[in-house]
Amino acid sequence: MASYFDYNATSPVHTAAREAWLKASDEHWQNPSSLYREAGLTSQALEAARERLGDLLGVESERVVFTSGATESNNTLFSGLAKCLEPDACVAISAIEHPCVREAARAWLGRHRVLEIPVNENGVVEVEALEKLLACHQPALVSIMAANNESGVLQPWQDLLKVCRQAEVRFHTDAAQWIGKLESTALGACDYITGSAHKFGGSKGVGFLVVAHADEAFPLFHGGPQEQNRRAGTENYPGIEAMVTALESVMPKIAEVAAKQTIMRDAFIEQMQTQFVGLRVISQAAPRLWNTVLMVMPQHDNLKWLTRLSRLGFAISTGSACSSGKEGSSVVVQALGASWEELGRVVRVSGGWETTSAQWQALVAAFAEVSQSLDAGGRPGI
Ligand code: PLP
């Protein structure tokens, strides 16, 4: 793939993470729950990885439960709440959560027990909106994502957390898109945190849920007592080691990467807006992830843009991944009140830690080339 601009969907495995996975698979492939010496060494390595992840997130390692990814973590949380809350207790989630928060909350608790916190015209959950909700309801939990997967909008989760603390309501953040892209040690103040390895150079099928207290158990699966009875199933130690190594590899330079990539992303936006009159960048006025641009193209169906760009070697997306696993219409743009017609013109571009200025510029040129072919109504060459 010449130019990959779909990092919010998934990222390639970081070189250091691949090496860590191979080493862990060679040296510590034994089951960490077994009782002989080598298995004990695997168990020690697993606990060391938990400590290292705890340090990166600013939490005590005992609060970290390893899972198969963010979808499992979110389902674990809401299924656990469904078991331990009073039958009429509710939760509140933002209007722009990933389906694995929204659908999990609705499925485990029942739709009528899931309140929705609206976003403003920039796709941001305002403190006032949360305060207003808490003035009328006493949810058992508020769940607001740290960074949105489609628009890249950064939610003011530190302020929202404070509001929840004052109201004595527990706070969860799905930080799958934040972790690995921005400084994460302050996240530890949240009661619950969700993360996913493949969003930051780890492998797919690995993630974690940080719980409020070490002894809080929300087992989703019936089975063995792994993860201190909190998640049944043999721990994927090589995957976990690779995940932690990936995060350790990207975090030391993250401020520098963020500063550089923001300049490139903004230059891309400027060039696109010059090239395409009427192109709208969603939430352009809000703080956003340094890698993400969600835009409504002035013309033509988003799938046409996507397939033609793909033929030129550029990978982009149309917004969100729906429950079928295929890309669907943008949840964020819907929450902002866009028309169906506009929804069909939404495209998302998301770069990576090492995306170059030349690649961003080549993407602008590719959009221009596709535009010419679409305007001409045919596909000469593409
Ligand atoms: N939460 C957010 C914000 C995401 O962007 C994603 C992936 O797209 C998920 C959760 C699901 O992650 P996983 O693939 O680890 O289940």
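On a predicted model such as this, the values are computed, not experimentally measured, just so you know.

Reading the values: rules and limits
- Residues numbered from 1 in each chain as written.
- Predicted model: local features only at pLDDT ≥ 70, side-chain atom pairs only at ≥ 80, totals over all residues.
- Heavy atoms only, no water.
- Near = heavy atom within 4 Å.
- Polar contact = N/O pair within 3.5 Å; in protein donor to acceptor, adjacent residues only side chain to side chain.
- Areas by Shrake-Rupley, 256 points an atom, 1.4 Å probe, with all protein chains shown as cover.
- Nonpolar A, V, L, I, M, F, W, Y, C, P; charged D, E, K, R; others polar.
- Salt bridge = Lys/Arg side-chain N within 4 Å of Asp/Glu carboxyl O.
- Buried < 20%, exposed > 50% of the residue type's maximum accessible area, 1.4 Å probe, protein only.
- Helix = DSSP H or I, 4+ residues; strand = E, 2+ residues; numbered from the N terminus.
- Contact = heavy atoms within 4.5 Å.
- 1 Å grid on protein atoms, 1.4 Å probe; cavity = no way out; pocket = protein on both sides within 12 Å on 5 of 7 lines; lining within 4 Å.
- Points joined across faces, edges and corners; volume = space filled by probe spheres on them.
- Axes fitted to C-alpha atoms, helices over the stretch in contact; angles between N-to-C directions.
- Parallel < 35°, antiparallel > 145°, perpendicular 65-115°, else oblique.
- Left-handed = near helix turned anticlockwise from the far one by under 90°.
- Pairing = 2+ DSSP bridges.

Structural notes on the site of the ligand
Point 1. Lining the immediate surroundings of the ligand are 13 residues, of which T71, D174, Q177, S196 and K199 lie closest.
Point 2. In the model, a nitrogen atom of the ligand is placed 2.6 Å from a nitrogen or oxygen of the D174 side chain.
Point 3. Here the ligand loses 85% of its free accessible area of 400 Å² to cover by the protein chains.
Point 4. Across the shell around the ligand, the residue classes break down as four nonpolar, seven polar and two charged.

Overview of the pattern of salt bridges
Point 1. One pass over the structure, following the stated rule, counts 16 salt bridges.
Point 2. Across the pair R102 and E103 runs a salt bridge, and its minimum N-O distance is 3.3 Å.
Point 3. Using a relative accessible area of 13% as the deciding quantity, one classes R102 as buried.
Point 4. With a closest N to O distance of 3.4 Å, E216 and R170 form a salt bridge. With E216 in the loop between β8 (207–210) and α7 (226–229) and R170 in strand β6 (residues 170–174), this residue pair connects regions lying 46 residues apart in the sequence.
Point 5. You can call E216 buried: its relative accessible area is 14%.
Point 6. R170 sits in the partly exposed class, given a relative accessible area of 27%.

Quick notes on the environment of C164
Point 1. Examined against the element boundaries, C164 turns out to sit in helix α6 (residues 157–167).
Point 2. Overall, C164 belongs to the buried group, its relative accessible area being 0%.
Point 3. Sequence-wise, C164 and S339 are 175 residues apart; in three dimensions their C-alpha atoms are separated by 34 Å.
Point 4. Residues within four places of C164 in sequence aside, it is in contact with L130, V142, V169 and F171.

Things to note about empty space enclosed by the protein
Point 1. In this structure the tally under the stated criterion is one cavity of 30 Å³ or more.
Point 2. Here the largest cavity defines a volume of roughly 30 Å³.
Point 3. Surrounding the largest cavity, E72, T76, F218, P219, L220, F221, R230, R231 and A232 form its lining.
Point 4. Among the residues forming the lining of the largest cavity, the class breakdown is five nonpolar, one polar and three charged.

Quick notes on the packing of helix α5 (residues 127–136) against α6
Point 1. Closest axis-to-axis distance for the α5/α6 pair is 9 Å, and the angle between their directions is 20°. By the angle class used here, α5 and α6 are roughly parallel. Between α5 and α6 lies a crossing whose hand is right-handed. When α5 is examined against α6, the residues V127, L130, E131 and L134 are found in contact with a partner set consisting of D159, L160, V163, C164 and A167.
Point 2. Residue classes in the contact of α5 with α6 are distributed as seven nonpolar, no polar and two charged.

Focus on the packing of helix α3 (residues 70–84) against helix α4 (residues 99–109)
Point 1. Two numbers describe how α3 lies on α4: the axes approach to 9 Å, and their chain directions differ by 30°. When the interaxial angle is binned, α3 and α4 end up roughly parallel. Note that α3 runs across α4; the crossing there is right-handed. Two secondary-structure elements touch here, α3 through A70, T71, N74, N75, F78, S79, L81 and A82 and α4 through C100, V101, A104, A105, W108 and L109.
Point 2. Split into classes, the residues belonging to the contact of α3 with α4 amount to ten nonpolar, four polar and no charged.

Examining the sheet that holds strand β9 (residues 280–281)
Point 1. As summarised here, the arrangement of the three strands in space is β9-β10-β14, forming an open sheet in which the pairing is antiparallel. Each end of this open sheet is capped by a strand with a single partner; those strands are β9 and β14 (346–350).
Point 2. Of the strands in this sheet, β9, β10 (292–296) and β14 touch helix α9 (residues 254–275), which is tilted by about 15° from β10.

Concerning the side chain of T42
Point 1. Inspection of the secondary structure assignment puts T42 in helix α2 (residues 37–57).
Point 2. Residue class for T42 comes out buried when judged on its relative accessible area of 0%.
Point 3. Contacts of T42, omitting those with residues within four sequence positions, involve H28, W29, Q30, P32 and Y237.

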